[in-house]
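# Fold and geometry: a report
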Amino acid sequence: MGVTVNVDGMGENSKSLWHKLYFAWSDKLLPEKNQFIASWNGDDTVLNIDGRLVFVYGKNIEESSEQIGKVVPENIIPSIAKYMVQAPNSILDALWLYYFNIFQDALYKRTEFFKNISSDAFFYHANKMLKEEGRDDVETFFKESFKEEMTQRIDVKSITIPEEILQMMVDKGEKVEPTHILNELVKLNERITMNRSLSNIEHSIDFGDLFQCINSEDGLCEYWLCITAKCDCRRPEKISNNYIFIGGESCKDKRAIVEAEKQYFSYVEIETEKNSNVISVEWYSKISSIYITDNKVKRGCTIQGSIRGAQKEFKYIGNVKENFAQRMANRAFADGNRVGISLAKMEV
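Residues numbered from 1 in each chain as written. Predicted model: local features only at pLDDT ≥ 70, side-chain atom pairs only at ≥ 80, totals over all residues. Heavy atoms only, no water.

## A look at the overall build of the protein chain
In terms of helices and strands, the protein chain carries eleven helices and 14 strands. When burial is assessed residue by residue, the protein chain has 29% of its 348 residues classed as buried. Considering only residue pairs separated by 6 or more positions, the protein chain has 62% of its internal contacts joining residues 24 or more positions apart. (Helix = DSSP H or I, 4+ residues; strand = E, 2+ residues; numbered from the N terminus. Buried < 20%, exposed > 50% of the residue type's maximum accessible area, 1.4 Å probe, protein only. Contact = heavy atoms within 4.5 Å.)

## Observations regarding the side chain of Lys 312
When you line up the elements, Lys 312 lands in strand β14 (residues 310–320). Looking at Lys 312, the relative accessible area reads 3%, which means it is buried. There is a polar contact of 3.1 Å between the side chain of Lys 312 and the backbone oxygen of Asn 215. Those residues in contact with Lys 312 that lie beyond four places of it in its chain are Cys 213, Asn 215, Glu 217, Asp 218, Leu 220, Ile 303, Gln 304, Gly 305 and Ile 307. (Polar contact = N/O pair within 3.5 Å; in protein donor to acceptor, adjacent residues only side chain to side chain.)

## Here's the deal with unusual backbone geometry
Not every positive phi belongs to a glycine, and Ser 240 is a case in point at roughly 55 degrees. Along the chain, the position of Ser 240 falls in the loop between α9 (230–234) and β9 (242–251). Of note in this structure, Asn 241 is not a glycine but carries a positive phi near 60 degrees.

## So, the packing of aromatic side chains
Tallying each qualifying case throughout the model produces seven aromatic pairs. With a centroid separation of 5.3 Å and an interplanar angle of 80 degrees, the aromatic rings of Phe 122 and Phe 142 are classed as edge-to-face. Placement of Phe 122 in helix α4 (residues 119–132) and of Phe 142 in helix α5 (residues 135–156) is noted, with a sequence separation of 20 residues between them. Positioned over the ring face of Tyr 264 is Arg 327, at 4.3 Å from the centre of the ring. (Phe/Tyr/Trp six-rings, centres within 6.5 Å; stacked < 30°, edge-to-face > 60°. Lys NZ or Arg CZ within 6 Å of the ring centre and 35° of its normal.)

## Details of the pattern of salt bridges
In total, this model carries eight salt bridges according to the counting rule given. With a closest N to O distance of 3.5 Å, Arg 299 and Glu 271 form a salt bridge. Of this pair, Arg 299 sits in the loop between β12 (296–297) and β13 (302–307) while Glu 271 sits in strand β10 (residues 265–271); the two residues are 28 residues apart in sequence, bridging distant segments of the chain. What makes Arg 299 partly exposed here is its relative accessible area of 25%. (Salt bridge = Lys/Arg side-chain N within 4 Å of Asp/Glu carboxyl O.)

Set out below in structure tokens:
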């Protein structure tokens, strides 16, 4: 049994109402065709609606008094526990609840920004940042300060994964054959290496920003990673809008997983009008300059850039986390600074 959105014959008023009732929570629009959105999870007490679980309980009616009885916790907790054990990702669900409770507890307490530092010092610094670096940097500074405060609070709690869950993870992991889940491992690496928070907001081109060249003919690489220093990204006029990039090409997932920590790869989600797919990209060490004047980017947008005298379109894919992008940059700059020598030698 399941629930399907039937859009046939719906008037505009009905569509608007349906959107408010069902899709507002995830910013989704009413689908253009019938779409399956809900299903029963193995029995008739748990309904999965667009990823949200609804537990259904009946009330007993006493024949003599016709009074409806209450649903007590003793009825609710066992059924939730039963579902979590049987669910495909039960261990991950349990970990999510565990960390969610700890994070929520930390968020309830008021954050004391810059404790023991006067507000005048902060206002002076914020004013200088706003004038010299722009609003984006001021907002990033605030967000990073808040995240650091939250992280410190959570670390103080000395969080450890419960031994039972840890042992279950180890037992299940030993039974997994990695060659059977290559695509899933690529997806996992994409989650580990990509900075989703920065990728989804509009910002000036930054260190670690990754692009796909839409028209990459004439021997140009398809993918490009910005390795321009952050200070130059904030003041592109100082580099005459010539950003430093390295190029890369898609490669086989197996090689990108086998040599993930030895070679230089990124794992990126490529979206099209019909679907999305996570692929592996191998980076080269050759440095190139791309002239870009319209430097505001956000996931999915396209900008113009000039490379080797040719005007090209670059689609913004996302931002690679700084430590992973820095590894690519270190290799590229080291390769460019290598010194070749020629001396008398003898073969032995």
